[in-house]
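Examination of the molecular architecture
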Amino acid sequence: MPNYGKPLTDVRLNDRFWNRFRETAVREGIPYQWKALNDQLPEDTEPSYCMRNFRIAAGKEQGKFGGFVFQDSDIYKWLEGVAFSLRWHPDPALEAIADGAIQAVADAQQPDGYLDTYYIIGGLDKRWTNLRDNHELYVAGHMIEAAVAYYQVTGKRALLDVATRFVDHIDSVIGPEEGKLRGYPGHPVIEMALMRLYAVTGDEKHLRLAKYFVDERGQRPNFFQQEDERNPNRFYWKDSPLRYRYYQAAQPVREQQDAEGHAVRAMYLYSGMADVARVTGDADLARACRTLWDSATRRRMYITGAVGSSEHGEAFTFDYDLPNDTVYGETCASIGLVFFAKRMLLMEQKGEYADVMERALYNGVISGMQLDGKKFFYVNPLEVVPEACEMDAHKRHVKPERQKWFGCACCPPNLIRMLTSLEEYIATEKGDAVYLNLYAGGEIRADGLALKVETNYPWEGEVRVEVTPDAPCRRTLALRVPGWCRAWTLKINGEAADIAPTDGYILIDRTWNPGDAVELTLDMTARWVRANPRVREDAGKLALQRGPVVYCLEEADNGAALHGVRVGQQARAEASWEPETLGGVVTLSTDGLREQEDGWDGALYDFRDAPAARPVKLRWIPYYAWANRGVGEMRVWIRG
């Protein structure tokens with residue numbers, strides 16, 4: 001069996017950057033979303049129907065099912081976020097609310113273990129007739145993930161027992177054995193959920209079922225096609241170029257070469273594949289994961305860590321097709337990319353996986369939530385003109401401001417569970433080595449070794465790690481040198497050390513004694529970024545990045561008509577810490593040119609030299625913080 005890594009979960013974050021987001025998630029986001037799930041937001045907000053559906057399914061209220069077929073999943077993601085928050089932010093009142101929600105879920109469970117309010121209310125005779133589109137296994141997956149998290153944090157088994165009963169029912173209905181449906185989910189998530197359940201229960205049934213779902217996907221004859229022949233299901237993607245690629249089901253997973261189809265489904269599937277490959281030691285499946293990783297991150301990912309470039313199918317398209325103004329870039333897809341990166345890190349401890357994880361977290365993930373925690377982006381564009389969002393049908397999915405809630409509300413609770421579970425991503429352990437994958441202030445405990453991390457990352461590049469072993473011991477401490485960093489210094493107990501990185505990590509192998517300290521200083525100079533020349537939309541353009549943070553221009557600072565702004569690659573960016581701006585950020589200032597719009601006398605086209613341009617000072621803010629100061633234009637990529 002290969003020497004795979006394992007996550008270090010004995011982590012206590014106390015980080016100046018992340019504390020703000022996490023406290024907002026707990027103090028504002030969780031209560032706000034609980035109101036949303038109970039339809040207690042203002043009338044101009046789309047109703048959720050989520051908890052109402054459970055009361056109807058349990059026979060405690062009369063009515064019809066409301067919302068999408070997967071509406072149940074919203075409470076499960078909310079519960080998972082609550083569970084993670086209770087680990088570092090104990091709150092008996094919130095825990096009591098969660099316990100009540102779990103009881104409401106349990107009350108709706110059927111005698112045979114089945115639990116999905118869409119079918120309980122609408123007709124149990126129709127269950128398991130549309131695995132492709134009706135999300136039964138997706139909803140079950142989110143239930144399992146919530147159950148595992150809540151059990152691990154609180155020790156309470158109520159939801160875990162509900163989930164395992166449902167898994168028993170699923171196993172009795174679906175699988176390769178004679179008499180069972182030889183199917184798999186249209187929307188993956190149950191694969192990685194079952195692997196989390198297996199880690200808790202040790203029940204081989206859970207591992208076997210997860211592996212089955214991975215292995216069966218895309219096999220011939222195609223299950224989804226057979227399912228349509230048995231049932232009157234409408235195939236929405238029949239006349240689309242996506243067809244079964246939308247579901248990552250056109251081929252078996254080991255044959256797939258490109259990240260394709262619905263981006264969230266892809267990220268969830270690949271995460272489950274990586275889990276199964278690691279636990280079973282399946283080298284062929286691991287190779288498939290690497291192939292899909294390379295496709296997604298080296299040819300189909302935005303600079304912000306967004307994935308999924310097309311509104312049609314919320315999907316990947318083709319290599320280097322990365323439009324900035326019609327991008328989909330769903331918040332859930334960036335979160336899914338973080339899931340995938342973490343699992344690839346556990347399989348192979350390489351800095352490139354942590355680089356992508358960091359890129360997504362500091363940009364494409366947290367951009368999805370307003371700084372006050374009460375509004376959210378579903379779509380995360382890299383270029384916005386508000387008038388175009390309103391008048392151009394091809395851009396109507398792009399919003400110039402975050403929304404209070406969504407009928408399809410997958411992103412807000414997903415974001416909450418991501419922020420409250422950051423401890424899961426900070427560090428990993430492999431053999432005798434402890435790897436710091438992300439830099440954040442706090443304390444880490446790793447089998448006889450305590451690490452105290454002090455840093456003001458990502459605004460400053462100094463990272464200090466105080467090492468306290470229970471007793472002097474020889475271990476390896478691995479510090480990541482981010483891919484964006486071109487210069488760094490390392491000191492061990494105040495003495496300069498010269499250690500070349502291996503796979504993106506500086507490996508410090510020594511006998512550690514109480515009081516030892518390591519200091520890593522990363523050069524945080526802001527740098528201009530160019531896209532691969534194959535990216536047509538970014539040809540001749542530049543983006544600005546400082547550390548892991550991608551920057552943008554916003555109308556609030558630079559006026560409208562940002563398409564008329566250009567910069568030179570020689571322009572130097574001056575960094576300034578502004579504690580009163582956007583909750584405290586480093587802003588950047590550069591010289592630029594703005595093309596003059598006057599002198600055209602009403603002409604649309606003219607034979608003339610390049611338009612006159614006047615020098616201007618440009619003010620850049622972190623991309624994640626845009627749209628917090630009113631509606632206006634925004635751009636990441638500027639003409640060079």
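One structure accompanies this document, and this report is about it. These numbers come from a predicted model, not from an experiment. (Residues numbered from 1 in each chain as written. Predicted model: local features only at pLDDT ≥ 70, side-chain atom pairs only at ≥ 80, totals over all residues. Heavy atoms only, no water.)

A few words now on the sheet that holds strand 11 (residues 495-497). With respect to topology, 7 strands assemble into an open sheet ordered 2-6-7-8-13-10-11, the strand pairing being antiparallel. Looking along the sheet, the strands with just one partner apiece sit at the ends: strand 2 (11-13) and strand 11. Taken pair by pair, the neighbouring strands of this sheet meet at an average axis angle of 20°, ignoring direction. (Pairing = 2+ DSSP bridges. Helix = DSSP H or I, 4+ residues; strand = E, 2+ residues; numbered from the N terminus. Axes fitted to C-alpha atoms, helices over the stretch in contact; angles between N-to-C directions.)

It is worth spelling out the pattern of salt bridges at this point. Counting across every chain of the model gives 64 salt bridges. We note a salt bridge from aspartate 215 to arginine 254, for which the minimum N-O separation is 2.8 Å. Of this pair, aspartate 215 sits in helix 9 (residues 204-216) while arginine 254 is found in the loop between helix 10 (223-230) and helix 11 (263-280), placing the two residues 39 residues apart along the sequence. Given the relative accessible area of 22%, aspartate 215 is considered partly exposed. A salt bridge links glutamate 352 to arginine 298; the shortest N-O distance between them is 3.1 Å. Taken together, the residues glutamate 352 in helix 14 (residues 351-365) and arginine 298 in helix 12 (residues 283-298) connect sequence positions 54 residues apart. (Salt bridge = Lys/Arg side-chain N within 4 Å of Asp/Glu carboxyl O. Buried < 20%, exposed > 50% of the residue type's maximum accessible area, 1.4 Å probe, protein only.)

Below, the discussion takes up the side chain of arginine 217. The residue arginine 217 is located in the loop between helix 9 and helix 10 in this model. A polar contact of 2.7 Å, which involves the side chain of arginine 217, links it to the backbone oxygen of proline 185. At a separation of 2.9 Å, a polar atom in the side chain of arginine 217 contacts the main-chain carbonyl oxygen of tyrosine 247. Beyond its immediate chain neighbours, meaning those up to four positions away, arginine 217 contacts Tyr184, Pro185, Gly186, Pro188, Glu191, Tyr247, Gln248, Ala249, Gln251, Pro252, Val253 and Leu269. (Polar contact = N/O pair within 3.5 Å; in protein donor to acceptor, adjacent residues only side chain to side chain. Contact = heavy atoms within 4.5 Å.)

Read across the open sheet, the 5 strands follow the order 1-4-5-9-12; overall the sheet is mixed. Of all the strands in the sheet, just strand 1 (6-7) and strand 12 (505-512) have a single pairing partner and so form its edges.

This brings us to the packing of aromatic side chains. Within this structure, the stated rule accounts for 41 aromatic pairs. Arranged with centres 6.4 Å apart and planes meeting at 45°, the rings of tyrosine 32 and phenylalanine 376 form a pair that is tilted. A residue pair is termed long-range when its members are at least 10 positions apart, and tyrosine 32 in helix 1 (residues 16-37) and phenylalanine 376 in the loop between helix 14 and strand 3 (383-384) qualify at 344 residues. Like tyrosine 32, the residue phenylalanine 376 is buried in the burial classification. Taking NZ or CZ as reference, arginine 127 lies 4.8 Å from the ring centre of tyrosine 114, over its face. Its end group placed over the ring of tryptophan 512, arginine 510 keeps NZ or CZ at 5.1 Å from the ring centre. (Phe/Tyr/Trp six-rings, centres within 6.5 Å; stacked < 30°, edge-to-face > 60°. Lys NZ or Arg CZ within 6 Å of the ring centre and 35° of its normal.)

Glancing now at unusual backbone geometry. Most peptide bonds are trans, and most residues other than glycine sit at a negative phi. A cis amide bond, omega -5°, links arginine 220 with the succeeding residue proline 221. Mapped onto the secondary structure, proline 221 falls in the loop between helix 9 and helix 10. A positive phi angle is found at tyrosine 49, which is not glycine, with a value near 70°. Tracing the backbone shows tyrosine 49 in the loop between helix 1 and helix 2 (50-57).

This part covers helix 16 (residues 411-420). Counting buried positions along helix 16 gives 10 out of 10 residues, so the element sits mostly inside the fold. All buried positions along helix 16 are accounted for by Cys411, Pro412, Pro413, Asn414, Leu415, Ile416, Arg417, Met418, Leu419 and Thr420.

Attention shifts here to the side chain of asparagine 222. Within the secondary structure, asparagine 222 sits in the loop between helix 9 and helix 10. Owing to a relative accessible area of 11%, asparagine 222 belongs among the buried residues under this scheme. From its side chain, asparagine 222 meets the backbone nitrogen of phenylalanine 224 in a polar contact 2.9 Å long. Apart from residues lying up to four places away in sequence, asparagine 222 is in contact with Tyr184, Tyr244 and Ala249.

As a further point, take the environment of aspartate 516. Inspection of the secondary structure assignment puts aspartate 516 in strand 13 (residues 516-522). Here aspartate 516 falls in the buried class, since its relative accessible area comes to 7%. Through-space distance from the C-alpha of aspartate 516 to that of glycine 494 is 9.5 Å; in sequence the pair is 22 residues apart. Here arginine 510 takes part through its side chain, which lies 2.9 Å from a polar atom of the side chain of aspartate 516. A distance of 2.8 Å separates the side chain of aspartate 516 from the backbone nitrogen of asparagine 513, its partner in a polar contact.

Moving on, we come to the environment of aspartate 591. Tracing the backbone through its elements, the reader meets aspartate 591 in strand 19 (residues 585-595). Counting along the chain gives 455 residues from aspartate 591 to glutamate 136, while the straight-line C-alpha distance between them is 54 Å. Beyond its immediate chain neighbours, meaning those up to four positions away, aspartate 591 contacts Val567, Ala571, Val616, Lys617 and Leu618. At a separation of 2.9 Å, a polar atom in the side chain of aspartate 591 contacts the side chain of lysine 617.

A separate point is the packing of helix 3 (residues 73-88) against helix 16. Where helix 3 contacts helix 16, the axes come no closer than 8 Å and their chain directions differ by 20°. Classified by the angle between their axes, helix 3 and helix 16 sit roughly parallel to one another. Seen from above, helix 3 lies across helix 16 with left-handed handedness. For the pair formed by helix 3 and helix 16, the contact residues are Asp74, Lys77, Trp78, Glu80, Gly81, Phe84, Ser85, Arg87 and Trp88 on the first element and Pro413, Asn414, Ile416, Arg417 and Thr420 on the second. When its residues are assigned to classes, the contact of helix 3 with helix 16 shows 5 nonpolar, 4 polar and 5 charged. (Parallel < 35°, antiparallel > 145°, perpendicular 65-115°, else oblique. Left-handed = near helix turned anticlockwise from the far one by under 90°. Nonpolar A, V, L, I, M, F, W, Y, C, P; charged D, E, K, R; others polar.)

Another point: the state of the cysteines. Across all of its chains, the model carries 0 disulfides by this definition. Among the cysteines around cysteine 50, which has no disulfide bond, cysteine 408 carries the closest sulfur, lying 12 Å off. By relative accessible area, cysteine 50 is classed as buried at 0%. Cysteine 332 forms no disulfide, and the closest cysteine sulfur to it belongs to cysteine 411, at a distance of 3.5 Å. (Disulfide = S-S within 2.5 Å.)

Bringing the packing of helix 3 against helix 4 (residues 92-107) into the picture now. Remark: helix 3 packs on helix 4, axes separated minimally by 11 Å, with the N-to-C direction vectors making an angle of 150°. Relative to helix 4, helix 3 is oriented roughly antiparallel. Relative to helix 4, the crossing made by helix 3 is left-handed. On the side of helix 3, the interface is formed by Ile75, Tyr76, Trp78, Leu79, Val82, Ser85 and Leu86, while helix 4 contributes Leu94, Glu95, Ile97, Ala98, Ala101, Ile102 and Val105. Looking at side-chain class alone, the contact of helix 3 with helix 4 contains 12 nonpolar, 1 polar and 1 charged residues.

In terms of burial, strand 19 is a largely internal element, 8 of the 11 residues being buried. For strand 17 (residues 565-566) and strand 19, the ladder comprises 2 bridges, and the chain directions are antiparallel. Directly across from arginine 566, in strand 19, lies its bridge partner leucine 593. Taken together, the 5 bridges between strand 18 (residues 574-578) and strand 19 define a ladder with antiparallel strand orientation. Bridge pairing links glutamate 578 to valine 585 in strand 19. Adjacent in sequence and paired antiparallel, strand 18 and strand 19 are bridged by 6 residues, among which leucine 582 carries a positive phi angle near 50°. Strand direction decides the pairing type here: strand 19 and strand 20 (residues 613-622), joined by 8 bridges, are antiparallel. Directly across from glutamate 595, in strand 20, lies its bridge partner alanine 613.

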